[in-house]
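These are the residues of each chain, in order.
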Amino acid sequence: MKRVLSLVILLVGFYVSAQEINWMSMNDALEAQKKEPKKIFADIYTDWCGPCKLMDKRTFTNKKLVEYVNEHFYAVKFDAEGTEEVNYQGFDYKNPNHDASKSDKARNSQHFFAHALKVRAYPTVVFFDENSDVISPVVGYKTAQQLEVYLKMIAEDEYKNVTTKEDWEAYQSKFKATF
């Protein structure tokens, strides 16, 4: 009986862990790109941001979104007010004004990497190409269904053909959602 219960617990644990996005640091994603080029999907968040927490709870748990992100992107989770050092395109980005005495519910100084990406609101998802050049930011809370159009457009390189508002509207009108 103990063996059966242990097996059930193990299988449930495996199933639950298989439903998560494989988050990594920005530095790890940049290193992984050197070995196997792949686009980067970066969730730029803060600890105090309510919509960021909702995306974690509602958007980033959608099974189809999780599978799609894990297959097509290196997924990065980046705290825009954290202390992680990022080496990006030959420059070391830090957050020298971070105040460690502030709680995670209080605003802190913005990390220089988030500033360099021109992130002004949270959450913001930033897409990078296989050479780690910025493709586009997507600002604000998005459901899995709202994020799907961006994920697929970028993963399939369709963004290269979307250069005007009319192109974007045409792309959206033809898009068939599956999430």
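Residues numbered from 1 in each chain as written. Predicted model: local features only at pLDDT ≥ 70, side-chain atom pairs only at ≥ 80, totals over all residues. Heavy atoms only, no water.

(A) Local environment of the overall build of the protein. From N to C terminus, the protein includes seven helices and seven strands. Traced from its N-terminal end to its C-terminal end, the protein shows the element sequence α-β-α-β-α-α-β-β-β-α-β-β-α-α. For the protein, the proportion of its 179 residues judged to be buried stands at 40%. Summarising the internal contacts of the protein: among those between residues at least 6 apart in sequence, 68% fall at separations of at least 24. In the form shown here, the protein has an accessible surface area of approximately 10700 Å², with 53% of it arising from carbon and sulfur atoms. (Helix = DSSP H or I, 4+ residues; strand = E, 2+ residues; numbered from the N terminus. Buried < 20%, exposed > 50% of the residue type's maximum accessible area, 1.4 Å probe, protein only. Contact = heavy atoms within 4.5 Å. Areas by Shrake-Rupley, 256 points an atom, 1.4 Å probe, with all protein chains shown as cover.)

(B) Summary view of the packing of helix 6 (residues 144-155) against helix 7 (residues 165-174). Running from amino to carboxyl end, helix 6 crosses helix 7 at an angle of 110°, the nearest separation of the two axes being 11 Å. As judged from the angle between their axes, helix 6 and helix 7 are roughly perpendicular. Within the contact between the two elements, helix 6 uses Val149, Tyr150, Lys152 and Met153 and helix 7 uses Trp168, Tyr171 and Gln172. Split into classes, the residues belonging to the contact of helix 6 with helix 7 amount to five nonpolar, one polar and one charged. (Axes fitted to C-alpha atoms, helices over the stretch in contact; angles between N-to-C directions. Parallel < 35°, antiparallel > 145°, perpendicular 65-115°, else oblique. Nonpolar A, V, L, I, M, F, W, Y, C, P; charged D, E, K, R; others polar.)

(C) Main features of the nonpolar core. Formed by 24 residues in total, the largest nonpolar core has its most connected members in Met26, Ile40, Ile44, Tyr88, Phe113 and Phe128. Mapped onto this core, the elements with two or more residues apiece are helix 2 (26-35), strand 2 (39-45), strand 3 (73-79), strand 4 (86-88), helix 5 (112-116) and strand 6 (124-128). Beyond its immediate chain neighbours, meaning those up to four positions away, Phe113 contacts Met26, Phe78, Val86, Tyr88, Tyr93 and Phe128. (Core = buried A, V, L, I, M, F, W, Y, C linked by side-chain atoms within 4.5 Å.)

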